[in-house]
Amino acid sequence: MVAVVTGGSGSGKSEYAENLACSLAKGPLFYIATMMPFDGECEKKIKRHRDLRKEKNFITKECYVNMKSLSFTKEDTVLLECMSNLAANEMYADDGAKEKAYEAITEGIKALSESCGNLIVVTNEVFSDGCDYGEEMDAYIRLLGTVNQYMAGIADEVTEVVYGIPIRHKKKEEAE
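A brief structural summary. (Residues numbered from 1 in each chain as written. Predicted model: local features only at pLDDT ≥ 70, side-chain atom pairs only at ≥ 80, totals over all residues. Heavy atoms only, no water.)

1. Quick word on the nonpolar core
(1) Moving on: With 30 residues, the main nonpolar core has Ile-32, Met-67, Phe-72, Met-83, Ile-105, Ile-109 and Leu-112 as its most contacted residues.
(2) Moving on: Breaking this core down by element, the ones donating at least two residues are β1 (2-7), β2 (29-33), β4 (77-81), α3 (83-92), α4 (101-115), β5 (118-122) and α5 (135-154).
(3) Moving on: In terms of residue count, the dominant contributor to this core is α5 (6 residues).
(4) Moving on: Val-5, Leu-29, Ala-33 and Val-122 belong to the second largest nonpolar core, which has 15 residues in total. (Core = buried A, V, L, I, M, F, W, Y, C linked by side-chain atoms within 4.5 Å. Buried < 20%, exposed > 50% of the residue type's maximum accessible area, 1.4 Å probe, protein only. Helix = DSSP H or I, 4+ residues; strand = E, 2+ residues; numbered from the N terminus.)

2. Regarding a nonpolar patch on the surface
(1) Moving on: Taken together, the side chains of Tyr-163, Ile-165 and Ile-167 define a hydrophobic patch exposed on the protein surface, amounting to about 370 Å² of accessible area.
(2) Moving on: Residue placement: Tyr-163 occurs in the loop between β6 (157-162) and β7 (165-171). (Patch = residues over 30% accessible without salt bridge, like charges linked within 9 Å, V, L, I, M, F, W, Y side chains within 5 Å. Areas by Shrake-Rupley, 256 points an atom, 1.4 Å probe, with all protein chains shown as cover. Salt bridge = Lys/Arg side-chain N within 4 Å of Asp/Glu carboxyl O.)

3. Some details on the sheet that holds β1
(1) Moving on: Strand order in the open sheet formed by 7 strands is β3-β2-β4-β5-β1-β6-β7, with mixed pairing between adjacent strands. Since the sheet does not close on itself, it has two edges, and those belong to β3 (59-62) and β7, each with one partner. Here the average twist between neighbouring strands, direction ignored, is 20°.
(2) Moving on: As defined by bridge partners, β4 adjoins β5 across 5 bridges and the pair is classed as parallel. Bridging from a neighbouring strand, Leu-79 pairs with Ile-120 of β5.
(3) Moving on: Running at roughly 175° to β5, helix α1 (residues 13-24) makes contact with β1, β2, β4, β5, β6 and β7 of the sheet. (Pairing = 2+ DSSP bridges. Axes fitted to C-alpha atoms, helices over the stretch in contact; angles between N-to-C directions. Contact = heavy atoms within 4.5 Å.)

Okay, structure coming up:
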């Protein structure tokens, strides 16, 4: 199963995604952390997320680029957090895919979804703030938007979390 969880900053999407992963897990539970610890602010956010999931028995794998380098088994449930960081890493990190970021990300998501039993991906809402950014930020937002569209297309479930309330936009029909 592939699930995409989206929402704005501070919406509760991480907690929702963690709980979804826990409810689906029949075997090992993995957390792919994509945030590079650049500064104290990033380190605080990483610590907060680790503390929030401490009791949930996730095995954390830090992977900032090249998701297709990871492999799992069909018993594994994988939570990737978050696509916004991964997109920035693939575009701008020294070892990122740069102009081939879209291909690297979508190939990585495809590989992950084929190797594990359940894949939950957290991403951020884009294009709703109405702001005009510079060319580089516009390129990043377009990349994240097209990646989000790709993921929604292959996902069994797409849920937007608004003020802590999950709103289901897509749900795979159960076999009768």
